[in-house]
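# An overview of the molecular structure
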Amino acid sequence: MYKENIKQLLEELNPNEVDELSYNDQNYIAQSKYDNYKIEDPYPEISPALLNPYDIDKYIIKTGMIFPYEKNNLKTVTYKIPLYGDIHYWENNIRKKKTLTENKKDIFILKPNAIIYIHISTIFRVPYYIAFRFNLKIDLVHKGLLLGTGPVVDPGFQGRIMIPIHNLTANEYILRSGEGLIWVEFTKLSTFTKDKPF
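Given the structure is predicted, the values throughout are model-derived calculations rather than measurements.

Reading the values: rules and limits
- Residues numbered from 1 in each chain as written.
- Predicted model: local features only at pLDDT ≥ 70, side-chain atom pairs only at ≥ 80, totals over all residues.
- Heavy atoms only, no water.
- Salt bridge = Lys/Arg side-chain N within 4 Å of Asp/Glu carboxyl O.
- Helix = DSSP H or I, 4+ residues; strand = E, 2+ residues; numbered from the N terminus.
- Buried < 20%, exposed > 50% of the residue type's maximum accessible area, 1.4 Å probe, protein only.
- Pairing = 2+ DSSP bridges.
- Contact = heavy atoms within 4.5 Å.
- Axes fitted to C-alpha atoms, helices over the stretch in contact; angles between N-to-C directions.
- Core = buried A, V, L, I, M, F, W, Y, C linked by side-chain atoms within 4.5 Å.
- Parallel < 35°, antiparallel > 145°, perpendicular 65-115°, else oblique.
- Nonpolar A, V, L, I, M, F, W, Y, C, P; charged D, E, K, R; others polar.

Glancing now at the pattern of salt bridges. All chains considered together, the criterion is met by six salt bridges. Put simply, R160 and D86 hold a salt bridge, and the shortest N to O gap is 3.4 Å. Linking R160 in the loop between strand 11 (158–159) and strand 12 (162–167) with D86 in strand 3 (residues 85–91), this pair joins segments that are 74 residues apart in sequence. Taking relative accessible area as the criterion, R160 reaches 31% and is therefore assigned partly exposed. Residue classification places D86 among the buried residues on the basis of a relative accessible area of 14%. Note that E185 and R133 form a salt bridge whose closest N and O atoms lie 3.9 Å from each other. Of this pair, E185 sits in strand 14 (residues 180–188) while R133 sits in strand 8 (residues 130–136), and the two are 52 residues apart along the sequence.

Quick look at the structure:
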(Lines give C-alpha, C1' and ligand atoms only; values in the text may rest on other atoms or scores of the structure.)
Protein backbone atom coordinates (compact mmCIF):
# COMPACT_ATOMS: atom_id res chain seq x y z
CA MET A 1 0.00 0.00 0.00
CA TYR A 2 2.72 2.47 0.97
CA LYS A 3 5.53 1.57 -1.40
CA GLU A 4 3.94 3.16 -4.47
CA ASN A 5 2.99 6.49 -2.89
CA ILE A 6 5.31 6.62 0.09
CA LYS A 7 6.67 10.12 -0.55
CA GLN A 8 3.21 11.63 -0.95
CA LEU A 9 1.96 9.87 2.19
CA LEU A 10 4.92 11.00 4.23
CA GLU A 11 4.51 14.62 3.21
CA GLU A 12 0.74 14.89 3.53
CA LEU A 13 -0.39 12.60 6.35
CA ASN A 14 -0.37 13.47 10.02
CA PRO A 15 -0.75 9.97 11.55
CA ASN A 16 -3.39 10.97 14.11
CA GLU A 17 -5.54 12.84 11.59
CA VAL A 18 -6.23 9.79 9.42
CA ASP A 19 -9.00 7.92 11.21
CA GLU A 20 -9.39 5.22 8.57
CA LEU A 21 -5.85 3.94 9.14
CA SER A 22 -5.16 1.43 11.87
CA TYR A 23 -2.79 2.18 14.76
CA ASN A 24 -0.15 -0.01 13.11
CA ASP A 25 -0.53 1.82 9.79
CA GLN A 26 -0.21 5.19 11.50
CA ASN A 27 2.84 3.99 13.43
CA TYR A 28 4.38 2.69 10.20
CA ILE A 29 4.04 6.14 8.65
CA ALA A 30 5.55 7.81 11.73
CA GLN A 31 8.49 5.37 11.64
CA SER A 32 9.00 6.01 7.91
CA LYS A 33 9.03 9.76 8.50
CA TYR A 34 11.63 9.32 11.21
CA ASP A 35 13.77 7.08 9.00
CA ASN A 36 13.73 9.80 6.33
CA TYR A 37 14.60 12.69 8.65
CA LYS A 38 16.45 11.26 11.65
CA ILE A 39 19.78 12.68 10.42
CA GLU A 40 18.87 15.29 7.80
CA ASP A 41 17.13 18.29 9.36
CA PRO A 42 14.06 19.21 7.27
CA TYR A 43 14.06 22.74 8.74
CA PRO A 44 17.66 24.01 8.71
CA GLU A 45 16.35 27.57 8.81
CA ILE A 46 15.12 27.01 12.41
CA SER A 47 17.92 28.10 14.74
CA PRO A 48 19.28 25.84 17.52
CA ALA A 49 17.22 26.72 20.60
CA LEU A 50 14.40 25.58 22.85
CA LEU A 51 11.60 25.05 20.31
CA ASN A 52 8.36 27.02 20.39
CA PRO A 53 5.01 25.24 19.88
CA TYR A 54 4.81 26.12 16.18
CA ASP A 55 8.21 24.56 15.48
CA ILE A 56 7.46 21.57 17.74
CA ASP A 57 4.32 20.92 15.71
CA LYS A 58 6.23 21.19 12.41
CA TYR A 59 8.94 18.79 13.54
CA ILE A 60 6.54 16.20 14.98
CA ILE A 61 4.42 16.15 11.83
CA LYS A 62 7.46 16.02 9.54
CA THR A 63 9.66 13.55 11.46
CA GLY A 64 7.21 11.38 13.43
CA MET A 65 9.26 12.00 16.58
CA ILE A 66 6.23 11.62 18.90
CA PHE A 67 3.59 8.96 18.30
CA PRO A 68 0.70 9.14 18.78
CA TYR A 69 0.54 12.92 18.43
CA GLU A 70 -2.27 15.19 19.62
CA LYS A 71 -1.82 18.84 18.72
CA ASN A 72 -4.08 19.87 21.61
CA ASN A 73 -1.39 18.64 24.03
CA LEU A 74 0.98 21.44 22.98
CA LYS A 75 1.67 24.24 25.43
CA THR A 76 3.96 27.29 25.14
CA VAL A 77 7.24 25.33 25.05
CA THR A 78 6.18 21.82 26.10
CA TYR A 79 4.12 18.84 25.00
CA LYS A 80 1.93 16.87 27.42
CA ILE A 81 2.36 13.09 27.49
CA PRO A 82 -0.77 11.34 28.82
CA LEU A 83 -0.77 8.49 31.31
CA TYR A 84 -1.23 5.42 29.13
CA GLY A 85 0.93 2.33 29.41
CA ASP A 86 2.08 -0.35 31.82
CA ILE A 87 2.52 0.38 35.51
CA HIS A 88 4.89 -2.02 37.28
CA TYR A 89 4.66 -2.19 41.06
CA TRP A 90 5.10 -4.49 44.05
CA GLU A 91 2.42 -5.71 46.44
CA ASN A 92 3.31 -8.04 49.33
CA ASN A 93 6.71 -8.63 47.69
CA ILE A 94 5.03 -9.77 44.47
CA ARG A 95 5.72 -7.91 41.24
CA LYS A 96 2.53 -6.87 39.45
CA LYS A 97 1.53 -4.95 36.34
CA LYS A 98 -1.50 -2.84 35.51
CA THR A 99 -2.12 -1.46 32.02
CA LEU A 100 -3.92 1.84 31.49
CA THR A 101 -5.29 2.19 27.95
CA GLU A 102 -7.25 4.70 25.92
CA ASN A 103 -10.10 2.24 25.52
CA LYS A 104 -11.41 2.60 29.06
CA LYS A 105 -11.26 5.00 31.96
CA ASP A 106 -9.19 3.44 34.67
CA ILE A 107 -7.25 4.40 37.79
CA PHE A 108 -4.19 3.30 39.69
CA ILE A 109 -3.86 3.93 43.42
CA LEU A 110 -0.32 4.95 44.30
CA LYS A 111 0.34 3.80 47.85
CA PRO A 112 2.27 5.85 50.45
CA ASN A 113 6.08 5.59 50.42
CA ALA A 114 5.94 3.50 47.26
CA ILE A 115 7.81 3.42 43.98
CA ILE A 116 6.25 2.45 40.66
CA TYR A 117 7.63 2.20 37.13
CA ILE A 118 5.50 3.53 34.29
CA HIS A 119 6.32 2.24 30.80
CA ILE A 120 4.43 4.89 28.86
CA SER A 121 2.75 3.91 25.59
CA THR A 122 3.88 7.05 23.72
CA ILE A 123 6.70 6.23 21.30
CA PHE A 124 9.66 8.62 21.13
CA ARG A 125 11.79 8.76 17.97
CA VAL A 126 14.41 11.41 18.66
CA PRO A 127 16.18 12.89 15.60
CA TYR A 128 19.95 13.35 15.90
CA TYR A 129 19.61 17.15 15.89
CA ILE A 130 17.07 17.37 18.75
CA ALA A 131 17.14 16.41 22.44
CA PHE A 132 14.08 15.84 24.63
CA ARG A 133 13.89 16.89 28.27
CA PHE A 134 10.95 15.99 30.50
CA ASN A 135 9.62 16.33 34.00
CA LEU A 136 6.52 15.48 36.00
CA LYS A 137 3.50 17.73 35.73
CA ILE A 138 3.85 20.38 38.41
CA ASP A 139 0.65 19.39 40.26
CA LEU A 140 2.13 15.90 40.79
CA VAL A 141 5.35 17.43 42.11
CA HIS A 142 3.35 19.56 44.55
CA LYS A 143 1.69 16.41 45.87
CA GLY A 144 5.10 15.05 46.87
CA LEU A 145 5.77 12.76 43.92
CA LEU A 146 9.31 12.54 42.58
CA LEU A 147 10.52 11.59 39.14
CA GLY A 148 13.28 9.05 39.62
CA THR A 149 15.10 9.25 36.31
CA GLY A 150 16.14 11.37 33.36
CA PRO A 151 15.17 13.83 32.48
CA VAL A 152 17.03 13.88 29.11
CA VAL A 153 16.18 11.61 26.19
CA ASP A 154 19.22 11.50 23.92
CA PRO A 155 19.24 12.07 20.16
CA GLY A 156 18.82 8.79 18.30
CA PHE A 157 16.65 7.12 20.94
CA GLN A 158 13.68 5.15 19.62
CA GLY A 159 11.06 3.51 21.80
CA ARG A 160 8.99 3.87 24.95
CA ILE A 161 10.54 5.24 28.10
CA MET A 162 10.28 3.82 31.62
CA ILE A 163 9.59 6.40 34.30
CA PRO A 164 10.14 5.60 38.01
CA ILE A 165 7.76 7.57 40.24
CA HIS A 166 8.36 7.84 43.99
CA ASN A 167 5.54 8.71 46.38
CA LEU A 168 7.47 10.32 49.23
CA THR A 169 4.37 11.08 51.29
CA ALA A 170 2.11 9.21 53.71
CA ASN A 171 -0.86 9.79 51.36
CA GLU A 172 -2.49 7.66 48.69
CA TYR A 173 -2.88 9.27 45.27
CA ILE A 174 -5.10 8.32 42.37
CA LEU A 175 -3.51 8.29 38.92
CA ARG A 176 -6.10 8.34 36.13
CA SER A 177 -5.65 7.00 32.63
CA GLY A 178 -5.29 9.78 30.08
CA GLU A 179 -4.38 12.51 32.54
CA GLY A 180 -1.18 14.45 31.95
CA LEU A 181 1.87 12.66 33.36
CA ILE A 182 4.94 14.48 32.05
CA TRP A 183 5.73 17.61 30.05
CA VAL A 184 8.37 17.29 27.33
CA GLU A 185 10.44 20.16 25.95
CA PHE A 186 12.44 19.98 22.71
CA THR A 187 15.83 21.59 22.14
CA LYS A 188 17.42 21.79 18.72
CA LEU A 189 21.15 21.17 18.92
CA SER A 190 23.94 23.26 17.47
CA THR A 191 25.14 22.02 14.08
CA PHE A 192 27.20 18.86 13.77
CA THR A 193 28.78 16.80 11.00
CA LYS A 194 26.16 14.67 9.22
CA ASP A 195 28.30 11.54 9.05
CA LYS A 196 29.11 11.79 12.77
CA PRO A 197 25.81 12.59 14.53
CA PHE A 198 27.38 12.04 17.99
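After that view of the structure, there is still more to cover.
This part covers the sheet that holds strand 11. Across the sheet, which stays open at both edges, the three strands sit in the order 1-7-11 with antiparallel pairing between neighbours. Of all the strands in the sheet, just strand 1 (66–67) and strand 11 have a single pairing partner and so form its edges. Relative to strand 11, strand 7 (residues 123–125) is paired through two bridges, and the arrangement is antiparallel. What sits directly across from R125, in strand 11, is Q158. Taken strand by strand, helix 2 (residues 23–37) contacts strand 1, strand 7 and strand 11, and its axis lies near 20 degrees from that of strand 7.

Counting 42 residues, the largest nonpolar core has F124, F132, I182 and F186 as its most contacted members. Apart from residues no more than four positions distant in its own chain, F186 is found in contact with A49, L50, L51, I56, M65, I66, Y79, I130, A131 and F132.

Right, let's get into the pairing of strand 14. Among the nine residues in strand 14, seven count as buried, and that is most of the element. Of the pairings in the sheet, the one linking strand 2 (residues 79–82) to strand 14 comprises four bridges and is antiparallel in character. Residue pairing across strands places P82 opposite G180, the latter belonging to strand 14.

It is worth spelling out the environment of P42 at this point. Here P42 is to be found in the loop between helix 2 and helix 3 (53–63). Sequence separation between P42 and K62 is 20 residues; the distance between their C-alpha atoms is 7.7 Å.

Before going further, it helps to examine the packing of helix 2 against helix 3. Following both chains from N to C, one finds helix 2 and helix 3 inclined at 105 degrees, their axes separated by 7 Å at the closest point. Our classification of the angle between helix 2 and helix 3 gives roughly perpendicular. Within the contact between the two elements, helix 2 uses A30, K33, Y34 and Y37 and helix 3 uses I61, K62 and T63. Grouping the amino acids of the contact of helix 2 with helix 3 by side-chain chemistry returns four nonpolar, one polar and two charged.

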